[in-house]
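# Understanding the architecture of this molecule
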Amino acid sequence: MKVRESSLYTALGKVLFLVIFVFLSCKKNSSSEETRINPPVRAYVITARIDKKGTNTNSEGTGILNGSYDEGSKKLAYVLSFKNIAPSLITIRSGIKGSVGELVKEIYKSNGEISVLEISGGFTLTPLQERNLLKGLWFVAMNTVSSSPEISGVLTLKQK
């Protein structure tokens, strides 16, 4: 009987030793806990085709907005060109399709003369503006003296 008990204790001791050895050898290094992986910083190409489809008007005016956005610097840069329209006000707005939307940025206001057919500029986004841009909620609205808005187009993003 003593032989069986001692071999049982010896076997249990070996198993217990192996379990303790495994747990101690799998201990994580504290330096790996301190290291955090930052998400990749993305850059986007922005385009918007601006026409009468979104506004239900008879306007022959068209426009195109080309730009870029960088998540690291939070800067949006754009070039807007248009033809067959005399805009009195051009704005970038945030909101769902078919809504008036909330003003994000006024990019052009006429002083009575039409002297430009291309507008360029840029600005830095707030965190809320960035979230709405990335969700696809931004659009360009071009107002004229007779119609507000006369033409509009949604900004689309494509990752570089």
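Above this text sits the structure in question.
Here's what I pulled together on the structure shown here.

Criteria and cut-off values
- Residues numbered from 1 in each chain as written.
- Predicted model: local features only at pLDDT ≥ 70, side-chain atom pairs only at ≥ 80, totals over all residues.
- Heavy atoms only, no water.
- Pairing = 2+ DSSP bridges.
- Helix = DSSP H or I, 4+ residues; strand = E, 2+ residues; numbered from the N terminus.
- Axes fitted to C-alpha atoms, helices over the stretch in contact; angles between N-to-C directions.

## Quick word on the sheet that holds strand β1 (residues 43–50)
Read from one edge to the other, the open sheet built from five strands follows the order β6-β3-β2-β1-β9, with strand pairing classed as antiparallel. Pairing within the sheet leaves two strands with one partner each, and these edge strands are β6 (118–124) and β9 (156–159). Sheet twist, expressed as the mean angle between neighbouring strand axes with direction ignored, is 20 degrees. The pairing of β1 with strand β2 (residues 62–70) spans eight bridges and is classified as antiparallel. Opposite A43, over in β2, you have D70 as the bridge partner.

## Here we look at the sheet that holds strand β8 (residues 151–154)
The four strands are arranged β5-β4-β7-β8 in an open sheet whose pairing can be described as antiparallel. The open sheet terminates on both sides in strands that have one partner only, identified here as β5 (102–109) and β8. For this sheet, the mean inter-axis angle between neighbouring strands, taken without regard to orientation, is 20 degrees. Sheet topology note: the strand β4 (residues 89–94)/strand β7 (residues 138–143) ladder contains six bridges and is antiparallel. Following the sheet pairing, I90 is matched in β7 by M142.

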